[in-house]
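Inside the fold
Here are the chains, one letter per residue:
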There are 2 protein chains.
Amino acid sequence: MNAPVIPPKGVPQTVTTGPVAGSAKVYASPAGRPDIRVPFREIVLSDPKEAAVRVYDPSGPYTEAQARIDLSAGLAPVRAPWIEARGYGAVAPRAVKPEDNGFVPEDRLVAPCPAARTIRKAAPGQMTTQYEFARAGIVTEEMIYVAHRENLCREAMLDRAQAALADGEGFGASVPAFITPDFVRDEVARGRAIIPANINHPELEPMAIGRNFLVKINANIGNSAVTSSAAEEVEKLVWAIRWGADTVMDLSTGRNIHNIRGWILRNSPVPIGTVPIYQALEKVGGDPLKLDWEVFKDTLIEQAEQGVDYFTIHAGVRLAHVPLTARRVTGIVSRGGSIMARWCLAGHRESFLYERFEEICDICRAYDVSFSLGDGLRPGSIADANDAAQFAELETLGELTKVAWDKGCQVMIEGPGHVPMHKIKVNMEKQLRECGEAPFYTLGPLTTDIAPGYDHITSGIGAAMIGWFGTAMLCYVTPKEHLGLPNRDDVKTGVITYKIAAHAADLAKGHPAAQVRDDALSRARFDFRWDDQFNLSLDPDTARAYHDETLPKDAHKVAHFCSMCGPKFCSMKITQDLRADVLAMEAAGVVIGEAAPMSAADREAGMAAKSAEFLAEGGKLYVDAAE
Amino acid sequence: MNAPVIPPKGVPQTVTTGPVAGSAKVYASPAGRPDIRVPFREIVLSDPKEAAVRVYDPSGPYTEAQARIDLSAGLAPVRAPWIEARGYGAVAPRAVKPEDNGFVPEDRLVAPCPAARTIRKAAPGQMTTQYEFARAGIVTEEMIYVAHRENLCREAMLDRAQAALADGEGFGASVPAFITPDFVRDEVARGRAIIPANINHPELEPMAIGRNFLVKINANIGNSAVTSSAAEEVEKLVWAIRWGADTVMDLSTGRNIHNIRGWILRNSPVPIGTVPIYQALEKVGGDPLKLDWEVFKDTLIEQAEQGVDYFTIHAGVRLAHVPLTARRVTGIVSRGGSIMARWCLAGHRESFLYERFEEICDICRAYDVSFSLGDGLRPGSIADANDAAQFAELETLGELTKVAWDKGCQVMIEGPGHVPMHKIKVNMEKQLRECGEAPFYTLGPLTTDIAPGYDHITSGIGAAMIGWFGTAMLCYVTPKEHLGLPNRDDVKTGVITYKIAAHAADLAKGHPAAQVRDDALSRARFDFRWDDQFNLSLDPDTARAYHDETLPKDAHKVAHFCSMCGPKFCSMKITQDLRADVLAMEAAGVVIGEAAPMSAADREAGMAAKSAEFLAEGGKLYVDAAE
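Everything quoted here is computed from the prediction, not taken from an experiment.

**Side note on the overall build of chain A**
When its secondary structure is counted, chain A shows 21 helices and 15 strands. The C-alpha atoms of chain A give 27 Å as radius of gyration, which agrees with the globular expectation for 627 residues (25 Å, within 12%). Over its C-alpha atoms, taken along the principal directions, chain A stretches across nearly 95 × 50 × 50 Å. Across the 627 residues in chain A, those meeting the buried criterion constitute 67%. Contacts spanning at least 24 positions in sequence make up 76% of the contacts within chain A whose residues lie at least 6 apart. For chain A, the accessible surface area stands at approximately 19700 Å², while carbon and sulfur atoms represent 55% of it. Put simply, chain A has 66 plus and 81 minus side-chain charges, and the middle of one group is 2 Å from the middle of the other.

This is the structure in structure tokens:
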């Protein structure tokens, strides 16, 4: 099985590395824990009066200036010492079977990632999950890491943090002015946040998903029909996190999925999620009626040993729910949901995922694989939004959430889908109520069905709103949704669109650290510091390229105008003069506007008396580009 | 002055014509008025059981199948007989002056549009504006036209219309199940809607802007630094309305603006708005301190005679407001606002726009030019949102709204700008309160400042929300906002993004006619009618192109899968089978799920007994592409 693939010419054997334009990767440690190095992206500004802006950075070592990446060795296992100290026993890994890679012929086989890792599993009763530690009052290194990562610059601005929170609207969220490790522990213990972190994924840079932390986004990737190299698949991950994806779901099917998943996990600094039913279905030749507990259980163990951090489990699709979907406009649009509905109905039997849920919990607990309880019955159209099938499943997910907690597992809940704006809030409220405030993880929602080709936008609107209302993670949608497979540009567009939605949500919630970046960019805009504007934006390359289409010269990077309004008519330029005048007049004791409206005579007098000193340059509207 | 330009080679002398893919332009008349022909775009579907979908269509005769366009003759003056019947006197047009075209040298002059039109002006006391007619209880042809245009297919679905309204959330809007001409009259009489329709713009296809009508969008265009042909400028208009712009603002500055405006108006089926202060400033060499009432008044008359339908007037920027902006992060970002602030401050005098507002009303009334009261002090950053300057101006706009109504004029109010999500709703509420429910017309708002290059999206989020809350028209933002001049693709992207926002708002308000299109597209999606999906979308060309990137063959247009999930794993395909099974079982009297969970034995029995008939094809998941 180990015959390495000789990749065809022209297929990249490396992945994208180097800093995002205009920024540098920095690491910082919480006080007293030099062993915990938390990554940030630092944007240094051209104005010495402006502090550098630190932004949250899920991109991993790939964006270091001197990044040295060896895909075969995998990323440095930063969590290894913490995990080791917890004393889990090493286990002999489950033997790889031909069906794990979709019975791929030798000549098409992607070689397994050679990076050597000890496979671990908790003994029965041995504390394993972040939830179990949190409940026991133990603050893990992962929690300390997350606290430092989420605070960003909050230490330096606690007073402003309070003001921001007071100014925002959190709909019952409890975002603190400053995040302590114990706050993280408490949120995890309450089940209001999860830290997806399989004990077999030591390369992970820990992150939290919860309503009282920054809103996160997920990007989906999947293997190509014909895979030419492992690097090609890892690059999809690296590209998505470069632009800001906080977690990545590997939705691969077909050939080589086991080995490709290995390459992805060994080289991923972010949590990796999967939908195990996809691979299980492959193993039984694509026939859902051949699915059973044994093949599914075997798949869970296979993926848990590899280090998958969260599983989408569609255990809420019960036999009794199936008829509720029969008269929908778009039926069941979740792949996993339709597969399980088919299985249930064909045999007129209850879902084995539902019946075996406690056993699934036992497996997940032993590796700390978090649950993402799948919304297999989410609406696929505006017409089906918030219907009986969707809400019946959500109630079942609430029931399963409590089972998972009792079993010591971390849980988040998946949500819709397609929902018009006026029906979004009730989704959030019902989820919080039914699922005991477990984190909500939604796909969009799309707010209209009439714009295929632009569904990153139709869904970005709903994502921003539901993120504001309390959703903890937003699953991105690309422009190709409903039409085809996204390419590299589509993935970037989807990620940037969802970073916008997540940030808009953080701003509206009054997140203390959120507006710092908006303000820095706005000041750069008013000061005509073009490079700073580009560098502070979510996509510096595109911002710069758009500007340079019409004003390419370096001189224009300091010009007090852009091609939108040109050198005259630039309101920013005009108001810079204006500001100076107002301050001068106020300094001169002039009460502006008090006497207005003035008579013509008064105006003359007023002009002569009050504005002589700045009238001279007052008319200066034409700005020399050289200026 | 009439020396025609010899355009350089390669410059288009024609504009884009022909139907939008997959649809046909149709005209329909309200009962008893065959002289009133209202345009729609009709999308005929491939499934004979599916009714054709009629959508609102601002694109004018350009999208007729056999469109014969003669730019020199202008569009057919459809309103001419109605206007003539009202008996306005013909006036000798104001003589064109060199400064009207920015002192352009002869060899650079764009020839004036030769289309001959009688210039009309109302006599003092003669009823002119749609507002005056409405107040007098008179239903104009424009009102009848608008009623028929807004109803779309509502006649055929009055019961569903009621249900849709009951299901929506309108925040106090009064959208009726069916729109009568008298309802339109009443909305105009209350000042809650305007019908921008200069009596010198007979080519106009009347439309309404108001909270109880479909949400509208505006696109901005402007002349190029070097204009090569009139067609080149008219094409910007034609391209914007082709994709759905309901009105177009001509923000041209510099040379040839008078003549180019003439070409645009004679060839525009949509209302044209301008910002007269831009041209007035040109006439005084770009020095705001040289601006005065005489040059501004002359410009208003010049543009009113040409047929401009609405003027942005920044009369709310008062001297006393200027100091309120001095400590803002981004000062004054409105061009007109900054010009007037400069004028006021330099002379320490009240704005002549404010002091002469009644005289401006008299001019607008005589031609029925609607007001778009400009928000010269709108926030230019998240930091400045909802501040004292912005709201002080809004209160002044409320005061001016009542003056304009007293003078018999139609009025709408411009709004922000840059506003985080949690501060959007109060803008709408304050505007309705201060301005007596006059239509709100906002620019976005942008919900974050950190994504230059994607501000169509940051603002599309805010636009959808404020449209839902009650904004009547949304001014588009392109991806180039803050960076440079939009090109053809940027304009299309901006228009489509705003059509999404406007439609999402209509859906959320429960607009009776809105969801018809979503449902038709969703059914097409579930039935794998790919061509119907493309044709029903806002941008059929892009939807088709994205799909064909991975599945180009015609056979794929009927294939029961797409490249997202491939032939297996297609949830839609699975649930089509599922639906048939459920209905069959229910017909057979099976109570699905009642006995579940079943014992293994029961399951066996159940399978044998209940599902024998469809188990045969039950496992069929692999779909042959040829199928």
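What follows picks up the thread again.
**Some remarks on the nonpolar core**
Counting 294 residues, the largest nonpolar core has F371 of chain A together with F371 of chain B as its most contacted members. Setting aside residues no more than four positions away along its own chain, F371 of chain B makes contact with F311, I313, F357, I360, C361, C364, A404, C409, Q410, V411 and M412 of chain B.

**What to know about the interface of chain B and chain A**
Each partner contributes residues to the interface: chain B has 137 residues there, and chain A has 138 residues. Surface buried jointly by chain B and chain A totals about 11700 Å² across both partners, of which 67% is contributed by carbon and sulfur atoms. Applying the counting rule to chain B against chain A returns eight salt bridges. A salt bridge links D167 of chain B to K423 of chain A, with the shortest nitrogen-to-oxygen separation between them at 3.1 Å. One can count 30 residue pairs in polar contact (both at pLDDT 80 or more) joining chain B with chain A. Take the side of chain B that touches chain A: its biggest share by element is twelve residues, from helix α20 (residues 571-587) of chain B. Classifying every residue of the side of chain B that touches chain A by side-chain character gives 66 nonpolar, 38 polar and 33 charged.

**What about the relation of the copies chain B and chain A?**
A rotation about an axis combined with a shift along that same axis relates the two copies of the chain. Overlaying chain B on chain A yields an RMSD of 0.0 Å, the required transformation being a rotation through 180° with an accompanying axial translation of 0.0 Å. These values place the two chain copies in the arrangement generated by a two-fold rotation axis. Minimal C-alpha separation from the rotation axis in chain B is found for I461 of chain B, amounting to 2.4 Å. Most of the interface of chain B is mirrored in chain A, where 100% of its interface residues are also at the interface.

**A few points about the sheet that holds strand β2 (residues 38-43) of chain B**
Residue and element names in this part refer to chain B. With antiparallel pairing, three strands are arranged side by side in an open sheet as β1-β2-β3. Across the chains shown, the open sheet's two edge strands, defined by having one partner strand only, are β1 (24-28) and β3 (53-56). Adjacent strand axes in the sheet meet at a mean angle of 45° when their direction is disregarded. Relative to β2, β1 is paired through five bridges, and the arrangement is antiparallel. Within β2, the position partnered with V26 by the bridge is F40. Helix α3 (residues 141-151) rests against β1, β2 and β3 of the sheet, and its axis sits at about 10° to β2.

**Observations regarding the UniProt feature "binding site: Zn(2+)" (unreviewed entry) in chain A**
UniProt records the feature "binding site: Zn(2+)" (unreviewed entry) for H418 and H482 of chain A in the present numbering. Across 65 residues of sequence, these annotated residues stay compact in space, with a maximum C-alpha separation of 12.3 Å. Within the secondary structure, H418 of chain A sits in the loop between β13 (411-415) and α14 (424-434). Discounting residues that sit within four places of it in the chain, H418 of chain A has contacts with P379, G380, S381, I382, A385, P445, L446, D449 and H482 of chain A together with R525 of chain B.

**Regarding the packing of aromatic side chains**
Under the definition given, this model contains 24 aromatic pairs over all chains. Here the aromatic rings of F296 of chain B and F352 of chain B are separated by 5.8 Å at their centres, their planes lie at 70°, and the arrangement is edge-to-face. With F296 of chain B in helix α9 (residues 293-306) and F352 of chain B in helix α11 (residues 352-355), this pair connects stretches of sequence that are 56 residues apart. As far as the burial class goes, F296 of chain B and F352 of chain B line up, both buried. Plain terms: the ring middles of W530 of chain B and F534 of chain B are 6.3 Å apart, the flat faces sit at 40° to each other, and that makes the pair tilted. A residue pair is termed a helical-turn pair when its members lie 3 or 4 positions apart in one helix, as W530 of chain B and F534 of chain B do in helix α18 (residues 530-536) at four residues. By the burial criterion, W530 of chain B is buried, and F534 of chain B matches it. Clustering of aromatic rings is evident, with ring pairs tying together F171, W468 and F469 of chain A. Positioned above the aromatic ring of W343 of chain A, the side-chain terminus of R349 of chain A is 3.8 Å from the ring centre. Over the ring of W243 of chain A we find K492 of chain A, and its NZ or CZ is 4.0 Å from the ring centre.

**Digging into the packing of helix α8 (residues 276-283) of chain B against helix α10 (residues 335-346) of chain B**
Think of two packed helices as two axes; the pair is described by the angle between the axes and how far apart they sit. All names here are of chain B. The N-to-C vectors of α8 and α10 enclose an angle of 50°; their axes lie 9 Å apart at closest approach. Classified by the angle between their axes, α8 and α10 sit oblique to one another. When the axes of α8 and α10 are compared, the crossing they make is left-handed. Here I277, Y278 and L281 of α8 lie close against α10, whose contacting residues are R335, G336, I339 and M340. A breakdown of the residues in the contact of α8 with α10 according to their chemical character gives five nonpolar, one polar and one charged.

**Points about the UniProt feature "binding site: [4Fe-4S] cluster" (unreviewed entry) in chain A**
UniProt records the feature "binding site: [4Fe-4S] cluster" (unreviewed entry) at C562, C565 and C570 of chain A, using the numbering of this structure. Among the structural elements, C570 of chain A can be located in the loop between α19 (540-550) and α20 (571-587).

**Some words on the sheet that holds strand β2 (residues 38-43) of chain A**
Residues and elements named next belong to chain A. With antiparallel pairing, three strands are arranged side by side in an open sheet as β1-β2-β3. The two strands at the open ends of the sheet, each matched to only one other strand, are β1 (24-28) and β3 (53-56). Averaged over all pairs of adjacent strands, the angle between their axes in this sheet comes to 45°, without regard to strand direction. Most of the contacts of helix α3 (residues 141-151) go to β2, to which it runs at about 10°, and overall it touches β1, β2 and β3.

**A word on the pattern of salt bridges**
Enumeration over the complete set of coordinates arrives at 98 salt bridges over all chains. Notably, a salt bridge pairs D182 of chain A with R185 of chain A, separated by 2.7 Å at the nearest N-O pair. Note that D182 of chain A and R185 of chain A are positioned in helix α5 (residues 181-189) at a spacing of three residues, about one turn of the helix. Residue R266 of chain B pairs with E203 of chain B through a salt bridge whose shortest N-O separation is 2.7 Å. With R266 of chain B in helix α7 (residues 257-266) and E203 of chain B in the loop between β6 (193-194) and β7 (209-210), the pair connects residues that are 63 residues apart, well separated along the chain. For R266 of chain B, a relative accessible area of 8% gives the class buried.

**Points about helix α12 (residues 357-367) of chain B**
All names here are of chain B. Buried residues dominate α12, accounting for eight of its eleven residues. If you check which residues of α12 are buried, you get F357, I360, C361, I363, C364, R365, A366 and Y367. Looking one or two residues beyond α12, the residue adopting positive phi is D368, at roughly 55°.

Rules used in this analysis
Every residue gets a number counted from 1 within its own chain, in the order that chain's sequence is written. A letter from A marks each chain and a number from 1 marks each ligand, given out in the order of writing. Given that the model is predicted, a residue must reach a pLDDT of at least 70 before its local features are reported, and side-chain atom pairs must reach 80 or more before they are shown or counted; all residues, however, enter totals for whole chains, interfaces and linings. Water and hydrogen atoms were dropped before computing side-chain values, which therefore reflect all heavy atoms in the structure. Secondary structure elements are taken from DSSP: a helix is a run of H or I of four residues or more, a strand is a run of E of two residues or more, and numbering for both begins at the N terminus. Atoms counted for the radius of gyration: C-alpha only. Globule rule: 2.2 Å times residue count to the power 0.38. Exposed residues in this analysis have more than 50% of their type's maximum accessible area, buried residues have under 20%, and partly exposed residues fall in between, with area computed by a 1.4 Å probe over protein chains only. Any pair of residues with heavy atoms lying within 4.5 Å of one another is described as a contacting pair. Note on areas: these come from Shrake-Rupley sampling with a 1.4 Å probe, and a residue is covered only by the protein chains present in the view. Residues counted as positive are Lys and Arg, residues counted as negative are Asp and Glu, and His and the chain ends are not counted. For charged residues, the charge sits on one atom: NZ in Lys, CZ in Arg, CG in Asp, CD in Glu. The nonpolar core is taken to be a set of buried Ala, Val, Leu, Ile, Met, Phe, Trp, Tyr and Cys residues, with the residues joined through side-chain atoms within 4.5 Å. When two parts are put together, the accessible area they lose, computed with a 1.4 Å probe and summed over both, is reported as buried area. Here, a salt bridge means any Lys or Arg side-chain nitrogen found within 4 Å of an Asp or Glu carboxyl oxygen. The definition of a polar contact used here is a pair of N or O atoms within 3.5 Å, where within protein one atom must be able to donate a hydrogen and the other to accept one, and adjacent residues in sequence count solely through side-chain atom pairs. Side-chain classes are defined by residue name, with Ala, Val, Leu, Ile, Met, Phe, Trp, Tyr, Cys and Pro counting as nonpolar, Asp, Glu, Lys and Arg as charged, and the others, Gly among them, as polar. The fit set for superposing copies consists of C-alpha atoms from residues with pLDDT of at least 70 in both; the fit itself is least squares. By definition, two strands form a pair when at least two bridges between them are found by DSSP. Every axis in this analysis is a line fitted to C-alpha atoms, fitted for helices over the stretch in contact. Angles between the N-to-C directions lie between 0 and 180 degrees. UniProt positions are given in the numbering used here, feature names are shortened, and annotations may be inferred rather than shown by experiment. Think of it this way: a Phe, Tyr or Trp ring, Trp meaning its six-membered ring, pairs with another when their centres are within 6.5 Å, and the plane angle makes it stacked under 30 degrees, edge-to-face over 60, tilted otherwise. In this scheme, Lys NZ or Arg CZ marks a charge over a ring once it lies within 6 Å of the ring centre and within 35 degrees of the ring normal. Just so you know how the angles are binned, under 35 degrees is roughly parallel, over 145 roughly antiparallel, 65 to 115 roughly perpendicular, and the rest oblique. Handedness of a crossing is defined here by the sense of rotation of the near helix relative to the far one, left-handed for an anticlockwise turn of less than a right angle and right-handed for a clockwise turn.

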